[in-house]
Each structure stands twice: as C-alpha cells, then as structure tokens.
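# Chains, contacts and geometry: an overview
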Amino acid sequence: MRHVAVGAASPIPATGALLAQQKNPSLRISRLHRRRGNPFSEGSRELFDLAGQGRIDVFFLGGAQIDGEASINLVRAEGRRFPGSFGSAYLYPVVPRTILFREEHSKRVLVPKVEFVSARGDPAALLTGKALFAWQKDKRRFRLESVHPGHSAAEVRENTGFGYDADGVAETPSPSKDDLLLLRGAVAREIARDYPEFARRVWS
Amino acid sequence: MPPDYSLPAMEVVRALIRRKAKNLRLLGVPVLGMCADLLIGARCVAEVESSAVSLGEAGLAPRFTEAAEKGEIKIRDATCPAVHSALQASEKGVPFMPLRGVLGSDLLKHRDDWKVVNNPLNSATDPILLVPAIQPDVALFHARWADHAGNVWIGRRRELATLAHAARETFVTYEEKRSGDMLEDELLAPGLISSTYISATAKAVRGAWPLGIPEVYDIDDAHLARYAQAAKTREGFERYLDEFVWSKKKNSLPA
C-alpha cells in the first residue's frame, strides 16, 4: 500500500488514512477537496488518470444503499434522490483496494439489492458503525469479521438487510492509547481544516 | 460550470436569476453545488448533466433534490471521469474518448449516448466504454486574475482550462485585473487560460462569495449552512432569494 486517495465527504476515511500515515510516513495520501494544498496540479481529472494507470492503491466509497453483492447506490432509493455517483462507477472497479464505509448500520442502508447500481466491484472490506465485514470474492458474499465494542453479533444480524456468513466473529480491537493520542492531536487538527463540522462533532 | 470548490461564478448566477433565465442546461464539471441549486430553485434550469449535485459538508442540495424527486428537471447522471474525458475529446477535436471502469454500473442503462465496444486494437475480449465529446455552449467560471491581454489565471484548477478549450464560448468573471500580459510571466503562464479561448471577462469583486478562492477568501461556511437550512422549503428558499439575490444590497461584500 503506497498511495491512498480519499474522496469527497469522507471525514472518517480521511481520519483513518491520516492515522495510518502518522505510523507510516512514507504512505502517500491524496485527499480531494482539501481547501488548501489540494494534492493535484492537473485539475480534478488527475485522480482518475492516476487510478487508470494503477497509481492509486486504496480508495473509499460510501453509499445511500450498499447491498449483499457489494454494489453501491448513490443515486436514488424509495423515491428519494441522492447527490449522484461521483467518480464511483469508474474508481470502484479500477482501484485494487476499495474499502466500503458507512457509519449508519441499518436495514435501510444495508439492503439485499440496491435500487440503482452506481458502481460495482470487489471491495477490500465493508466498515460500518457497528462492524467490519470481509468480502469473499469467490462466493461474492460478505463475511462478518468483527463487531465493534458495545455491539453484538445478534444486533448486527438484526440490522443488516442482506445475508452474510459469520463464523468465529471477533471483537474489533479498540484503538491503542498511542493511536488515541494521535487521533485527538495531529490527526484531529488536520481534519478540522477540511471538515470543520465533523471535527467539532467528534473532538470538541 | 464548476462545483463549489473550483471557482464558481456566483455573481453571474445571481445575475442570471435576476434576469429570469429559463431552460438552462447545466453541465457539472464534474459535479455541481450551490450555483446549480440556486438556479434550479429559481426555475432557471431544464436539464442537469452531472456526476453529483451536493453542498458538500452542508449536506444535500435541497432545491436539486426536490426538483429531481418531483421530476421537474431532466437529469443525466454521469461519473466524474466521463465528464472530463468527454471535454478532453472536444478539446482535441475527436468524436469520443475511451474510458476504463463503469461497465457494471446502471449509469450505462440510462445513457444511450455512451457505447461499449471491444478494444479494436486487441483481438481478445476487452470491452471498453466510449463517451461522446461534449461541447458546451458556454463555459462560466470565476478567476483570480485577468490581464490586459485578455488572459485569465485559474491556477491549478486545470479542469477549467479543459472546459474553456472545449466550450464554444467562455465567460469569466475575475477578482482583480493585472496589468500587462501574464503569458510573458514564466511563473504565472502555467496557471493561465489564454485569451484565445476567452469570449469576455468582467470584474466581480468577491464574485465567488459565499464560496471561496484559495488564499484570497475562504468559503463562508456559516452562510452555506444557513442556505442549506433555508432552502429545505420553497418558502425558505424564496426568502433567501429576496435577501441575497433580488435585493440590491451589496450582498457579496464581507459582513
């Protein structure tokens, strides 16, 4: 993993990527939509050109809906319109490690089948506010990997609209003391520049 | 039009609303934000082609969302690199550009202008998407500087250069006029769009407000949040227009 790109409206992935960089300073992180010091000099197409060449190793995608086939929907559901697909239709299949993330873990979001496929691909993982799922490419099916502290496997099953495998489910490790110090210090300061609202909500 | 983070010509957007522009077709390069939401809410827009319309951290674009849900505007959903590639095709004067990815997306089902072909240079199976060139009638954005030679400086926002190269006409508002010819300055020249592509320029001080220009003035987050809240209802949106668009008060000066 050499180059992580973080897209629009992604404060949580940006936080994770910056924490990883604190521990591995050679990791390159390109955060789109930085208000100052945008990572690109060739305009907003440069990210996609980099990805097309295989120069982006990791990207993050969310979804208004995410389904058991790992397809994401950023366009419309239940009569409601969402912003749109952004670069997902291209980046998901093109970037080798795409991590799906969504803080809300509910049957409203995690559905059996999305109403509109903005993008499909083979994700590296799906991370929610309750749990971490691994993707089994051969079976095209998620496997529950770990449940976050304070939540249970039964609660995850109850709140997930799609079927998935689950055996030997672990508890997601909590951040270490050192990680928390980094998160609340250098990482929080950096995130607050681009996501002032998010930083206020989480760290103040 | 560019999105909120890439030099939007907000002063012109307000002027278009005051002139009661109708049936505009907006192209997001590659997405859209508050400019589009204002124009849609003011019923200036018939069609939107964009990879997304959003107010970023301030949330959904409320007037776009309602117009889309009620079917009041036509929407052609795209994906960012398809817009960039389609403009690059026009820039080069070729009819289409190939693009990787996208093949599994439902976007294809709604875009009969996009075609999937087998890579003609490869005898093996290798499907690839072709997107047709887009030549916008008008490119519209705001620049930090214009000069007496008619060049405009947009810095690293090179997608605006591609847009200007592709469009039939390009209208640019600017923050400050510089004397002389920026093409003769080695440091400024790489951030320019040369006058070859520019139809007309006009001065608009704080012309991007409430959005920003890097290192000149920041996005007015409080104003954007206020707009996002107000525009959730038609009445709130109308009140916003009364205060910041219809009234003659100098709305783009700092508070």
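As the structure is a computational prediction, the values presented were derived from the model and not from experiment.

What follows is about the overall build of chain B. A count of helical and extended segments in chain B gives seven helices and eleven strands. In terms of overall size, chain B behaves like a compact globule, its C-alpha atoms giving a radius of gyration of 19 Å where 255 residues would be expected to give roughly 18 Å. With the principal axes as the frame, chain B shows a C-alpha extent of 65 × 50 × 30 Å. Long-range pairs, those at least 24 residues apart, make up 69% of the contacts in chain B between residues at least 6 apart in sequence.

A few words on the sheet that holds strand β2 (residues 45–50) of chain B. All names here are of chain B. With parallel pairing, three strands are arranged side by side in an open sheet as β1-β2-β3. This sheet does not close on itself; its edge strands, each paired only once, are β1 (24–27) and β3 (74–77). Going from strand to strand, the sheet's axes swing by 10° on average, the running direction of each strand aside. Bridge analysis of β1 against β2 gives four bridges, and the strand direction is parallel. Bridge pairing links Leu-24 to Val-45 in β2.

Turning our eyes to something else, we now look at the domain arrangement of chain B. Residues and elements named next belong to chain B. Each assigned domain of chain B is listed here: domain 1 (10–78 + 135–246) and domain 2 (80–132). Computed over C-alpha atoms only, the centres of domain 1 and domain 2 are separated by 27 Å. For the side of domain 1 that touches domain 2, the element with the most residues is helix α5 (residues 158–166), which contributes five residues. Class assignment of the residues belonging to the side of domain 1 that touches domain 2 gives a composition of six nonpolar, five polar and two charged.

Turning our eyes to something else, we now look at the domain arrangement of chain A. Along its sequence, chain A is carved into domain 1 (1–56 + 177–204) and domain 2 (68–83 + 104–173). A C-alpha centroid distance of 23 Å is found between domain 1 of chain A and domain 2 of chain A.

Before going further, it helps to examine the packing of helix α4 (residues 80–92) of chain B against α5(B). Residue and element names in this part refer to chain B. One way to put it is that α4 packs onto α5 with a least axis distance of 8 Å and a crossing angle of 50°. By the angle class used here, α4 and α5 are oblique. Crossing hand, α4 versus α5: left-handed. Between α4, through His-84, Leu-87, Gln-88, Ser-90 and Glu-91, and α5, the contact on the second element is made entirely by Glu-159, Thr-162, Leu-163, His-165 and Ala-166. By residue class, the composition of the contact of α4 with α5 is three nonpolar, five polar and two charged.

Now for the packing of helix α1 (residues 11–23) of chain A against helix α5 (residues 177–194) of chain A. Residue and element names in this part refer to chain A. With their axes 9 Å apart at the nearest point, α1 and α5 run at an angle of 120° to one another. Here α1 is positioned oblique relative to α5, judged by the angle of their axes. When the axes of α1 and α5 are compared, the crossing they make is right-handed. In contact with Pro-11, Ala-14, Thr-15, Leu-18, Leu-19 and Gln-22 of α1, α5 contributes Asp-179, Leu-182, Leu-183, Ala-186, Val-187, Glu-190 and Ile-191.

Contacts between chain B and chain A engage 35 residues on the former and 36 residues on the latter. Broken down by secondary-structure element, the contributors of at least two residues to the side of chain B that touches chain A are α3 (62–69), α4 and α5 of chain B. Across the side of chain B that touches chain A, the residue classes tally to 13 nonpolar, twelve polar and ten charged.

Here we come to the nonpolar core. Grouped together as the largest cluster of nonpolar side chains are 125 residues, with contacts concentrated most on Cys35(B), Ala36(B), Leu39(B), Ala143(B), Val152(B) and Ile193(B). Ignoring anything within four residues of it in the chain, the contact list for Ala36(B) reads Met1(B), Leu26(B), Gly28(B), Val48(B), Val53(B), Ala61(B) and Phe64(B).

Positionally, Ala15(B) belongs in helix α1 (residues 10–18). Between the alpha carbons of Ala15(B) and His84(B) there is a distance of 27 Å; along the sequence they are 69 residues apart.

Residues and elements named next belong to chain A. Note that Asp-194 resides in helix α5. Put simply, Asp-194 and Ala-9 are 185 residues apart on the chain and 9.7 Å apart in space, counted from C-alpha to C-alpha. Apart from the residues lying within four places of it in its own chain, the contact partners of Asp-194 are Arg-31, His-33, Arg-34 and Arg-35.

Moving on: helix α2 (residues 34–41) of chain B. Because an α-helix completes one turn every 3.6 residues, residues spaced three or four positions apart along the sequence face the same direction. Residues and elements named next belong to chain B. The buried fraction of α2 amounts to eight of the eight residues, a majority that puts the element mostly inside the structure. For α2, the set of buried residues is Met-34, Cys-35, Ala-36, Asp-37, Leu-38, Leu-39, Ile-40 and Gly-41. Where α2 terminates, the next one or two residues include Arg-43, which has phi positive at roughly 60°.

This part takes up the sheet that holds strand β5 (residues 115–118) of chain B. Sheet strands pair by backbone hydrogen bonding; their relative direction is either parallel or antiparallel. Residues and elements named next belong to chain B. One open sheet holds the three strands; their spatial order is β4-β6-β5, and the pairing between them is antiparallel. Across the chains shown, the open sheet's two edge strands, defined by having one partner strand only, are β4 (96–99) and β5. Neighbour-to-neighbour, the strand axes of this sheet turn through a mean angle of 40°, independent of strand direction. Bridging between β4 and strand β6 (residues 127–132) involves four bridges; their strand directions are antiparallel. Paired with Pro-98 across the strands is Leu-130, a residue of β6. Strand contacts of α4: β4 and β6, with the helix running at about 145° to β4, the strand carrying the most contacts.

About the thresholds
- Residues numbered from 1 in each chain as written.
- Chains lettered and ligands numbered in written order.
- Predicted model: local features only at pLDDT ≥ 70, side-chain atom pairs only at ≥ 80, totals over all residues.
- Helix = DSSP H or I, 4+ residues; strand = E, 2+ residues; numbered from the N terminus.
- Rg over C-alpha atoms; globule rule 2.2 N^0.38 Å.
- Contact = placed C-beta atoms within 7 Å.
- Pairing = 2+ DSSP bridges.
- Axes fitted to C-alpha atoms, helices over the stretch in contact; angles between N-to-C directions.
- Domains from an automatic or database assignment.
- Nonpolar A, V, L, I, M, F, W, Y, C, P; charged D, E, K, R; others polar.
- Parallel < 35°, antiparallel > 145°, perpendicular 65-115°, else oblique.
- Left-handed = near helix turned anticlockwise from the far one by under 90°.
- Core = buried A, V, L, I, M, F, W, Y, C linked by C-beta atoms within 7 Å.
- Buried ≥ 20, exposed ≤ 12 C-beta atoms within 10 Å, placed from the backbone.

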